[in-house]
Each structure stands twice: as structure tokens, then as C-alpha cells.
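Descriptive structure summary
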Amino acid sequence: MKKESWKKLGIVLIFAAAMGFLEAVIVVYLRKIYYPNGFNFPLVPIETWVLNIEWVREFFTIVILACIGLLAGRRLHEKFAYFLYSFAMWDIFYYIWLKVILNWPSSFLTWDLLYLIPLPWTGPVITPILYSITISILALCIIHCEDKNYKVKLSKLEWALFILGSAVILYTFLYDYGSLIFKGGFGYQFLTLAANESFNQQIFSYIPTSYNWILFVLGEILIFVSILAFFIRTKKNLKGDIISH
């Protein structure tokens, strides 16, 4: 990998670590207000206006990370790679800072509220960390291939495997509270759920207990197959170009 790329990766890492700290601090404040005895399930009621602000904040977090990718990369796939890398490092450092500040989580298997858009994501802490490590590997592969002047472009199959694997993992995160909404017959009231007393009684008494590790591992395998296929095909194409010349 070129020196320039290592420098960019270092700068993006510093940015992501700093942003992860800010994210962790916000969560520290929210937990101090709503979970004074420490975060745990079931979830506690939060004012609708605070929840709306959290949704907007989470959306703009992704916007910021996407902007870093656009600024750091030169071509489309490289921009995507730097976005993945910044997202992964931000997520990993978020948990590092929570451990430093709150000594939380107690273990990698501790359950966490991962995200709120469009509904609560839940899962053991280790799952988003593993996903972040996986996508950072893809990001580094793309950047490495760009530096080697390979023809960097994910094929339709590689994109399909990556998207499908990510979707499977996302499904495992959304399953718990998604089941409450759709199996409970609240789907048609999705936009007004915050004011639905019957739904609130269920969501604020629900404690997730089991995680679909089989689907998570399947999702990880699909993404790793996508990465491996991309790397092998790209190097093979380079060898073909050298022979033809």
C-alpha cells in the first residue's frame, strides 16, 4: 500500500476515534438521564421529541462518515472503501470509549441497543464489532488494489453477496423489535407507534434473550466470500493484462 494511503488511513482513523468519543459521550449523558442505575433492558420511555432528535442525529452521523469517504477517496470504489473504513473504526472506537468511560460492556456478549432508525436494533456487543472488522477488511482490500493500479470494480455477484450478507446481519439486529411491531399487528400504525399505549406496554417490558447466531455467521460468510472473490478476480485480471501486454 502506498505511503499516501497509509497517511489517509491514519487521518481517517483519528477522525473516527474522535467521532466515536463524541458518540460515546452523548450515550453517557443519555444513560445518566434515562438509566441512572446503568443501561439494561427493557427499554425505558423516552420523550418523543428526544427520540426524534436521536433519529436525526443518527442519520447525520452516517452523512458525516459518508462525507469523509467522498473526501478521502479518488474514484468511486475508493470513496466507498474509505466510507466503510471510517464507519467501522467509528463503531469500534465507540465501544472502546464506553469501556474506558463507563467500564461497559461487562463482556462482548452483553446486549446493546445498537441503532434506532427506523426501529430499535439489538444484539450482543460483539456482533457490530465483528461486522465492522469484516467491512474494514473489504475497505483495505479495495484501497490496496487501487494502489496497485488494479481495475477495481466489484462485480454484480460480489455486490450481491456483500449486500445480501449485510441484509442478513441487519435482519438479526431488527428481528426482536420488528417482531413486536409486525407480529403484534402494529405495522399499519408504524408512524404513530410512539403514541400507541398498547404497543408501549409491550416494548417497555420486552427483554431480548436470544440471538440468531446462525444467520449472523451466514451473513459474515457471504461477505467474506464476496471479499475473497473480489480479491482473486482482481489479481487474476491484472495477470491477464500483464500477459496480453
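Here, every reference points to the structure presented above.
Our focus in this paragraph is the overall build of the protein chain. A count of helical and extended segments in the protein chain gives seven helices and two strands. In sequence order, the secondary structure elements of the protein chain are arranged as α-α-α-β-β-α-α-α-α. Expressed along its principal axes, the backbone C-alpha trace of the protein chain runs to roughly 70 × 35 × 30 Å. Considering the protein chain as a whole, with its 245 residues, one finds that 47% of them fall into the buried category. Partitioning the contacts of the protein chain with sequence separation of at least 6, the portion at a separation of at least 24 is 75%. By element, 72% of the accessible surface of the protein chain is carried by carbon and sulfur atoms, the whole surface being about 13400 Å². Looking at charge distribution, the protein chain has the averaged site of its 20 positive side-chain charges lying 13 Å from that of its 15 negative ones.

Moving on: the side chain of K8. Structurally, K8 is set in helix α1 (residues 3-34). From its side chain, K8 meets the backbone oxygen of A72 in a polar contact 2.7 Å long. Aside from chain neighbours lying at most four places away, what touches K8 is A72, R74 and Y82.

Cis geometry is found at the peptide bond from F41 to P42, where omega equals 5 degrees. Along the polypeptide, P42 turns up in the loop between α1 and α2 (48-72). Residue P118 follows I117 across a cis peptide bond; omega there is -5 degrees. Looking at the secondary structure, you find P118 in the loop between β1 (111-115) and β2 (121-124). One non-glycine residue, N103, lies in the positive phi region at around 55 degrees. Here N103 lies in the loop between α3 (76-102) and β1. Take N103: its relative accessible area is 53%, and that puts it in the exposed class.

Before going further, it helps to examine the nonpolar core. The nonpolar side chains of a soluble globular protein tend to be buried with one another. Formed by 60 residues in total, the largest nonpolar core has its most connected members in L84, Y95, L98, I142, F162, Y177 and F230. Counting residues per element, the ones that place at least two in this core are α1, α2, α3, β1, α4 (126-147), α5 (156-182), α6 (197-203) and α7 (213-244). Broken down by element, this core gets its largest block of residues, 13 residues, from α3. Excluding its chain neighbours within four sequence positions, the residues that come into contact with Y177 are F41, L43, L119, P120, T122, I203, Y206 and P208.

Basis of the calculations
- Residues numbered from 1 in each chain as written.
- Predicted model: local features only at pLDDT ≥ 70, side-chain atom pairs only at ≥ 80, totals over all residues.
- Heavy atoms only, no water.
- Helix = DSSP H or I, 4+ residues; strand = E, 2+ residues; numbered from the N terminus.
- Buried < 20%, exposed > 50% of the residue type's maximum accessible area, 1.4 Å probe, protein only.
- Contact = heavy atoms within 4.5 Å.
- Areas by Shrake-Rupley, 256 points an atom, 1.4 Å probe, with all protein chains shown as cover.
- Lys, Arg positive; Asp, Glu negative; His and termini not counted.
- Charge placed at Lys NZ, Arg CZ, Asp CG, Glu CD.
- Polar contact = N/O pair within 3.5 Å; in protein donor to acceptor, adjacent residues only side chain to side chain.
- Core = buried A, V, L, I, M, F, W, Y, C linked by side-chain atoms within 4.5 Å.

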